[in-house]
Amino acid sequence: MTIRLLLADDHPVVRAGMRAVLETEPGFEIVAEAATAERAVELAATGIADVVLMDLQFGEGMHGAQATAAITAAAGSPRVLVLTTYDTDADILAAVEAGASGYLLKDAPPEELAAAVRTAAAGQSALAPAVALRLMDRMRTPAQVLTRRELEVLQLVGDGLSNQQISKELFLSQATVKSHLVHIYAKLGVDSRTSAVAAATARRLIRR
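Caption draft 1: A look at the packing of aromatic side chains. A complete count under the given rule lists zero aromatic pairs for this structure. Of note, Arg207 hangs over the ring of Tyr86, and the distance from its end group to the ring centre comes to 4.4 Å.

Caption draft 2: Here's a closer look at helix H7 (residues 148–158). With respect to burial, H7 is a largely interior element, eight of its eleven residues being buried. Within H7, the full set of buried residues consists of Glu150, Leu151, Val153, Leu154, Gln155, Leu156, Val157 and Gly158. The elements touched by buried residues of H7 are helix H4 (89–97), helix H6 (129–140), helix H8 (163–170), helix H9 (174–188) and helix H10 (193–202). Looking one or two residues beyond H7, the residue adopting positive phi is Gly160, at roughly 95°.

Caption draft 3: Geometry of the sheet that holds strand E2 (residues 28–34). Taken in spatial order, the six strands make up an open sheet running E2-E1-E3-E4-E5-E6, and their pairing is parallel. Bordering the open sheet on either side are E2 and strand E6 (126–127), each of which pairs with just one other strand. Sheet topology places strand E5 (residues 102–105) next to E6; two bridges connect them, and they run parallel. Note that in E6 the partner of Gly102 across the bridge is Ala126.

Caption draft 4: Spatial organisation of unusual backbone geometry. For Phe171, which is not a glycine, the phi torsion comes out positive at approximately 55°. Inspection of the secondary structure puts Phe171 in the loop between H8 and H9. Note on Phe171: relative accessible area 76%, which makes it exposed. Despite not being glycine, Arg204 has its phi angle at roughly 60°, a positive value.

Caption draft 5: Quick look at the nonpolar core. In terms of nonpolar packing, the biggest core is built from 52 residues, with Leu5, Leu22, Leu53, Val117, Leu154, Ile184 and Leu188 touching the most fellow members. Formed by 15 residues, the second largest nonpolar core is a distinct cluster that contains Leu6, Ala8, Ala34 and Ala44.

Caption draft 6: The arrangement of the pattern of salt bridges in detail. For the structure on display, the rule yields 16 salt bridges. In this structure, the salt-bridge partner of Arg19 is Glu33, at a minimum N-O distance of 2.8 Å. You can see Arg19 sitting in helix H1 (residues 12–22) and its partner Glu33 sitting in strand E2, a full 14 residues away along the chain. The class of Arg19 is partly exposed, set by a relative accessible area of 25%. A salt bridge links Arg138 to Asp89; the shortest N-O distance between them is 3.2 Å. You can see Arg138 sitting in helix H6 and its partner Asp89 sitting in helix H4, a full 49 residues away along the chain. For Arg138, a relative accessible area of 13% corresponds to the buried category. Given the relative accessible area of 6%, Asp89 is considered buried. The network of salt bridges with common partners includes Arg15, Arg19, Glu23 and Glu33.

Conventions used here
- Residues numbered from 1 in each chain as written.
- Predicted model: local features only at pLDDT ≥ 70, side-chain atom pairs only at ≥ 80, totals over all residues.
- Heavy atoms only, no water.
- Phe/Tyr/Trp six-rings, centres within 6.5 Å; stacked < 30°, edge-to-face > 60°.
- Lys NZ or Arg CZ within 6 Å of the ring centre and 35° of its normal.
- Buried < 20%, exposed > 50% of the residue type's maximum accessible area, 1.4 Å probe, protein only.
- Helix = DSSP H or I, 4+ residues; strand = E, 2+ residues; numbered from the N terminus.
- Contact = heavy atoms within 4.5 Å.
- Pairing = 2+ DSSP bridges.
- Core = buried A, V, L, I, M, F, W, Y, C linked by side-chain atoms within 4.5 Å.
- Salt bridge = Lys/Arg side-chain N within 4 Å of Asp/Glu carboxyl O.

The structure is reproduced here in structure tokens:
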């Protein structure tokens, strides 16, 4: 059975590279490409694809995790396989909670990518070994890991946003943002925003 693929990435060179690799695989057909997350959602809704290969960063506009959530929320939707350069906890959790069937890094060997596509198409989970290991580590020490919301707050702190800006971005009260920061500091063993960002970046919890 042919697996129909939709490539969603804002870089034409990356899409061309994926096409070159995947077109050589038997049973794969690339039916469409999307340069924005919004376009990927539109195309996925038409039912033309079985698997969407989704990047996470699209510059302006919708994030890849948001697009994944929008796609997987619909009945009979295609599977979404995230293909990105980011392996932080914040990105992995956002994608998995959005309903992604798999999470691979862009430096994955062609055979690993092809196998992940087939696994996702079959309705199973396809995680890169490094990603699976990070998720297992989180499960082993639940009291010490940052929650999805804490990672969101900390990522925005790393992006330079103030508490007021974070509260507007995440639709939280400033008191709630401060409470999240208190928990973040305690879990990371730090006492300032700068130290929290530095520690989280070093542990690949957030992107810088």
